[in-house]
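Summary of structural features
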Amino acid sequence: MTIEWKFPPSPGHMDRASGIYLQNMTGKEVEERLKVNDILLVPIGSTENHGRGQCSGEDTFLVSRMAEAVAQERGCTVAQPIWYGSHPWHHLGMPGTVVIPEDTFVAYLRAIIAGFWNTGFRKQIFLNGHGQEYVIPNALHQFAKTYQVPCILSFVNWPTVIKDHMKDKAHGGPFETMFRHADEAEASYSLALFPEMNKMEDMEDHIPTEGFASEYVDKGGDVYQSPIPGHCQVGLGGGLEAITCPEGVIGQPTLASADKAKDGLTELLNFLVRLHDDILTNYPPGKLPPADKMTQRSQEDIDQLLKGPLKGGKHLYTFQYPP
C-alpha cells in the first residue's frame, strides 16, 4: 500500500498534547497506548553547524518530523528526540556543533533503551538523522548483551534507505550536486518538512576541494556505496571542517527546493510504515520474539521482568545497574 503524504506535514508536535510524544502523555494514556501499539520511534539527531541559512537542530527536526508523520498515520508513539549526538573527528571545533564522545553517547543510548523497555515499549525503532551510523548499533548490541531479554530493536539510517533519491543527477538522483552536509539535498528535505526554520536568503554555498582519495571514500550517508564509508577513515576525505569549510556547508544549499525531496520522502515514510506494520503483525501488542530463542535466563526470571515492577514482577535493573 502506498500512502500519499502531505508536505510540509502538520506543525510539529513536540510541545503539543496530540498523542504523538511519550513525554507529553499522561500515565493513563501510556497504559492505554501500550494495549494497542507498543512500538516506540526514537529520533536521534544532533546539534551542529548547518550554515547561516539552516538551523543547528536540522538533523533532529528531520527525523522528528518523519517519526511524527508515521505516528499520525499508524498510532504508534514517538520519544522526544535525542538532541546531541556523536560526531566524526572532522566535525571537532566547529562553532555550533556539540560533540558527545562515543563512549558517553553509547552508554546514554543504552540507558534510554533500558528505560523504555522497563516502561513497556519493548519494540523500539531508532531513526538516525546524523553522521553517527557507525556508533548507534553499539548501543543496541550492548543492551542485548547486558540485559538478555526479549525485545525488538531496529536502527534505521534514513538516507541509506532511499539512497537513490539522495544522489545527484549524474548518479541517477534528482540533485545537481552530490549529497554531503547542509547541502542541496539536506536543505531540500528540510524545506519539505520544516520550511519555517530555513532561510533561503541567508544560505551560502561552499564548493569542496576533494582529497586525493575521493574515488574511494563515500561523500555522505553512505548513499553512493563507495568502498570506504565516509566515517571509516581519517585523513583520506578532507580535513577539519572548521578549517576547510568555515561556512558550515559542504555543497550548494542555494539550489534546494522542497519539490526535489518529495518523492524520496514518500518512499521513506512508506518504508517506515511497512516496517512498523510488519513488526506489529508478527508481534502484536504485548508479544515478543520467543524468550527461549533470545536468552538463556530462566523462564521464571523473564516472566517477572515482562510483568514489570508495578504488576507483581520485577524491574529491568534487577539484573544490571548501572545500565
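Refer to the preceding data block for the structure.
Notes on the structure follow. Note that the structure is predicted; figures quoted are calculated from it, not measured.

1. Quick look at helix H2 (residues 58-74)
Under the 1.5 Å per step criterion, the end-to-end length of H2 is 24 Å for 17 residues, consistent within 8% with the ideal 24 Å. Within H2, 14 of the 17 residues are buried, which leaves it mostly tucked inside the rest of the structure. One or two residues past the end of H2 sits glycine 75, with phi positive at roughly 80 degrees.

2. Some remarks on unusual backbone geometry
Of note, the bond from phenylalanine 7 into proline 8 is cis; its omega dihedral lies within 30 degrees of zero at -10 degrees. Note on placement: proline 8 falls in the segment before helix H1 (27-36). In this structure, alanine 182 takes a positive phi of about 55 degrees despite not being glycine. The topology assignment puts alanine 182 in the loop between helix H5 (158-161) and helix H6 (184-193). Backbone geometry places aspartate 222, a non-glycine residue, at a positive phi of 60 degrees. As for its position among the elements, aspartate 222 is in the loop between H6 and helix H7 (241-244). According to the relative accessible area criterion, aspartate 222 is partly exposed, its value standing at 22%.

3. Remarks on the pattern of salt bridges
In the structure shown here, the tally under the stated rule is 11 salt bridges. A salt bridge links aspartate 259 to lysine 262, with the nearest nitrogen and oxygen atoms 3.0 Å apart. Residue aspartate 259 and its partner lysine 262 are located together in helix H8 (residues 259-282), separated by three residues, close to a single helical turn.

4. Digging into the pairing of strand E1 (residues 39-44)
Regular strands show a simple pattern: their side chains alternate between the two faces of the sheet. In terms of burial, E1 is a largely internal element, six of the six residues being buried. By the alternation rule, side chains of E1 split into Ile39, Leu41 and Pro43 and Leu40, Val42 and Ile44, which are all buried. Two elements, E1 and strand E3 (residues 123-128), share six bridges in a ladder whose sense is parallel. Considered in E3, the bridge of leucine 41 is made with isoleucine 125. Pairing analysis gives two bridges linking E1 to strand E2 (residues 77-78), with the strands arranged parallel. Paired with leucine 40 across the two strands is threonine 77, which belongs to E2.

5. Comments concerning the side chain of asparagine 157
Here asparagine 157 shows up in strand E4 (residues 152-157). On the accessibility criterion, asparagine 157 (10% relative accessible area) is buried. Within polar-contact distance, the side chain of asparagine 157 engages the side chain of asparagine 128 at 2.8 Å. A polar atom in the side chain of asparagine 157 sits 2.9 Å from the side chain of threonine 160. In contact with asparagine 157, not counting residues within four places along its chain, are Asn128, His130, Glu133 and Gly221.

6. Let's talk about the side chain of threonine 295
Tracing the chain through its elements places threonine 295 in the loop between helix H9 (291-294) and helix H10 (299-307). Residue classification places threonine 295 among the buried residues on the basis of a relative accessible area of 9%. Reaching out from threonine 295, the side chain makes a polar contact with the backbone nitrogen of arginine 297 at a distance of 3.0 Å. Other than its neighbours up to four places away in sequence, threonine 295 contacts Gln148 and Ile302.

7. Examining the nonpolar core
Formed by 42 residues in total, the largest nonpolar core has its most connected members in Leu41, Met66, Trp158, Met166, Tyr189, Leu265 and Leu269. Of all the elements in the fold, those that place two or more residues in this core are E1, H2, E3, E4, H6 and H8. Those residues within four positions of leucine 269 in sequence are excluded, and the remaining contacts are Trp5, Phe7, Met66, Ala69 and Val70. One finds Leu34, Val106, Ala114 and Leu305 within the second-largest nonpolar core, a separate group that totals 31 residues.

8. Topic: the packing of aromatic side chains
Counted by the stated rule, this structure contains five aromatic pairs. Consider the rings of tyrosine 147 and tyrosine 317, whose centres lie 6.4 Å apart with planes at 80 degrees: the pair is edge-to-face. With tyrosine 147 in helix H4 (residues 136-147) and tyrosine 317 in the segment after H10, the pair connects residues that are 170 residues apart, well separated along the chain. Residue classification places tyrosine 147 among the buried positions, given a relative accessible area of 0%. Relative to tyrosine 189, the ring of tryptophan 158 lies with its centre 5.1 Å away and its plane at 45 degrees, an arrangement referred to as tilted. Of the two residues, tryptophan 158 is situated in helix H5 and tyrosine 189 in helix H6; the sequence distance between them amounts to 31 residues. Neither residue differs from the other here; tryptophan 158 and tyrosine 189 are each classed as buried. An aromatic cluster is defined as three or more aromatic residues linked by ring pairs; in this entry it consists of Phe61, Trp83 and Phe194.

Cut-off values and rules
- Residues numbered from 1 in each chain as written.
- Predicted model: local features only at pLDDT ≥ 70, side-chain atom pairs only at ≥ 80, totals over all residues.
- Heavy atoms only, no water.
- Helix = DSSP H or I, 4+ residues; strand = E, 2+ residues; numbered from the N terminus.
- Expected span 1.5 Å × (residues − 1).
- Buried < 20%, exposed > 50% of the residue type's maximum accessible area, 1.4 Å probe, protein only.
- Salt bridge = Lys/Arg side-chain N within 4 Å of Asp/Glu carboxyl O.
- Pairing = 2+ DSSP bridges.
- Polar contact = N/O pair within 3.5 Å; in protein donor to acceptor, adjacent residues only side chain to side chain.
- Contact = heavy atoms within 4.5 Å.
- Core = buried A, V, L, I, M, F, W, Y, C linked by side-chain atoms within 4.5 Å.
- Phe/Tyr/Trp six-rings, centres within 6.5 Å; stacked < 30°, edge-to-face > 60°.

Note that every value here comes from positions in space, so none of it alone points to a role or purpose.
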